Amino acid sequence: MTIQEKIQKLKKEKNAIILAHNYQLPEVQDIADFVGDSLELARISAQVKEEVIIFCGVHFMAETASILAPDKKVILPDLFAGCPLANTITPREVKELKEKYPNYAVVAYVNTSAEVKAESDYICTSANATFIVEKIPEEKVIFIPDRNLGYYVSKHTKKEIIIWNGFCPTHQRILPQDIIALKEKYKDAKVVVHPECRKEVLDLADKIASTSGIIKFVKEDNGKRYIIGTEVGLLHRLRKENPEKEFYLASPLAICPNMKKITLDKILTSLENLEPEVKVEESTREKAIKPIERMLSL
Ligand code: CIZ
């Protein structure tokens, strides 16, 4: 039996479902029941009938699934698959910001720990950040933790925004000169980048979008070539769903080591043992679900 067959067999026996983020390894995406961004996967988690969710992504994503689906057993095949961006802000720092700026609403990007979400007023994703900031009644906003997404939002709203200075090291490694060099080679290629990229890269883009937004844009666009400024994992899905188009990764350094920690071997082991589990403690969950529900209601 191949490892893929063993995983499929065990998945049925354990009444489990496998969810994978768009940045996962190709073989992990191929074994998954659903591939998507963190919000899509969290929404699916809340609706699945299976008892066990094998979440192939990073820690904050498994936590979000646990917040929205508290009755399910959420398994993250490698507990060390963390998110350095999420680690740039602590709940204590959010409390201090709120004390310093009492008239501001805290809008937290989904890339935050459950404890940080519990201290926030609204959650947003890269797919809806500008929409959420525009839609909420407050005119003054503290945006945490990603400075590049915060910059992107601030360009599209008149609201007053204080931006936390966090960033994603993987997106930060994509440089404007990488884009310029690829553009020289593929003159007709469109530059499509994630809003976590540095602002000098955002300024060179034809389209700025979340992973789900990039997938939608490429599908609907009539171009042939694309320079993609985000984590390498997305190119697997783009190539699979658009075999007639060509995709070039903006930088060979756009690889998230944490996303790559989830392997088929670890998925098999986690199905055998039903661990390691990610479970958000109930008092934190009760607080963290509120800003998520506020986002979903908008
Ligand atoms: O929300 C997500 O899944 C992240 C972190 C990025 C994206 O654009 O999908």
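In the nomenclature of an unreviewed UniProt entry, the chain is known as Quinolinate synthase of Dictyoglomus turgidum. Of the chain, the UniProt comment under Catalytic activity (unreviewed entry) reads exactly: "iminosuccinate + dihydroxyacetone phosphate = quinolinate + phosphate + 2 H2O + H(+)". UniProt, in the comment section headed Subcellular location (unreviewed entry), describes the chain in these words: "Cytoplasm".

**What about the UniProt feature "binding site: [4Fe-4S] cluster" (unreviewed entry) in the chain?**
Mapped onto the present numbering, the UniProt feature "binding site: [4Fe-4S] cluster" (unreviewed entry) falls at Cys83, Cys168 and Cys256. A maximum C-alpha distance of 9.3 Å is found for the annotated residues, which run over 174 residues; spatially they form one tight group. Take Cys83: it is sitting in the loop between strand S4 (73-75) and helix H5 (91-100). Judged by relative accessible area, Cys83 falls into the buried class, the value being 12%.

**Considering the site of the ligand**
His21, Asp37, Ser38, Met61, Tyr109, Val110, Asn111, Ser126, His194, Ser210 and Thr211 make up every residue found near the ligand. A distance of 2.7 Å separates an oxygen atom of the ligand from a polar backbone atom of Ser38. One nitrogen or oxygen atom from the side chain of His194 is found 2.6 Å from an oxygen atom belonging to the ligand. Of the residues belonging to the shell around the ligand, the class tally is three nonpolar, seven polar and one charged.

**Structural notes on the pairing of strand S7 (residues 140-144)**
Across the five residues of S7, four count as buried, placing the element largely inside the fold. In the sheet, strand S5 (residues 105-109) pairs with S7 via four bridges, with the strands oriented parallel. Across the sheet, Ala105 pairs through a bridge with Val141, a residue of S7. In terms of strand pairing, S7 meets strand S8 (residues 160-163) through four bridges, oriented parallel. Across the sheet, residue Val141 finds its bridge partner in S8, namely Ile161. On the question of chirality, the crossover connecting S7 to the parallel S8 by way of helix H8 (residues 147-155) is right-handed.

**Here we look at helix H10 (residues 176-185)**
Turning to H10, its buried residues are Pro176, Asp178, Ile179 and Leu182. Looking down the long axis of H10, one finds its buried residues gathered within 155° of arc, a one-sided arrangement. When the buried face of H10 is taken as reference, the exposed residues oriented beyond 90 degrees from it are Glu184 and Lys185.

**Here's the deal with the domain arrangement of the chain**
Each assigned domain of the chain is listed with its residue range as follows: domain 1 (3-82 + 259-279), domain 2 (86-167) and domain 3 (174-249). Each partner contributes residues to the interface: domain 2 has nine residues there, and domain 3 has eleven residues. For the pair domain 2 and domain 3, the summed buried area comes to about 800 Å², and 57% of that belongs to carbon and sulfur atoms. When residues of domain 2 are sorted by the area they lose upon contact with domain 3, Asn148, Tyr151 and Tyr152 head the list and together hold 57% of the total. In this structure, the connection of domain 2 to domain 3 is made through zero salt bridges. At the boundary of domain 2 and domain 3, one finds five residue pairs in polar contact (both at pLDDT 80 or more). Per element, the largest residue contribution to the side of domain 2 that touches domain 3 is four residues, and it comes from H8. Classifying every residue of the side of domain 2 that touches domain 3 gives five nonpolar, three polar and one charged.

**As for the packing of helix H4 (residues 59-68) against helix H15 (residues 282-297)**
The geometry of H4 relative to H15 is characterised by a closest axis approach of 10 Å and an angle of 95° between their N-to-C directions. In terms of their interaxial angle, H4 and H15 are classed as roughly perpendicular. Where H4 abuts H15, its residues Thr64, Ser66, Ile67 and Leu68 lie against Arg285, Ala288, Ile289 and Ile292. Here the residues of the contact of H4 with H15 sort into five nonpolar, two polar and one charged.

Reading guide: rules and limits
Residues numbered from 1 in each chain as written. Predicted model: local features only at pLDDT ≥ 70, side-chain atom pairs only at ≥ 80, totals over all residues. Heavy atoms only, no water. UniProt positions renumbered as here; feature names shortened; annotations may be inferred. Helix = DSSP H or I, 4+ residues; strand = E, 2+ residues; numbered from the N terminus. Buried < 20%, exposed > 50% of the residue type's maximum accessible area, 1.4 Å probe, protein only. Near = heavy atom within 4 Å. Polar contact = N/O pair within 3.5 Å; in protein donor to acceptor, adjacent residues only side chain to side chain. Nonpolar A, V, L, I, M, F, W, Y, C, P; charged D, E, K, R; others polar. Pairing = 2+ DSSP bridges. Right-handed = clockwise from strand over helix to strand, strands pointing away. Arc of directions from axis to C-beta. Domains from an automatic or database assignment. Contact = heavy atoms within 4.5 Å. Buried area = accessible area lost by both parts, 1.4 Å probe. Salt bridge = Lys/Arg side-chain N within 4 Å of Asp/Glu carboxyl O. Axes fitted to C-alpha atoms, helices over the stretch in contact; angles between N-to-C directions. Parallel < 35°, antiparallel > 145°, perpendicular 65-115°, else oblique.

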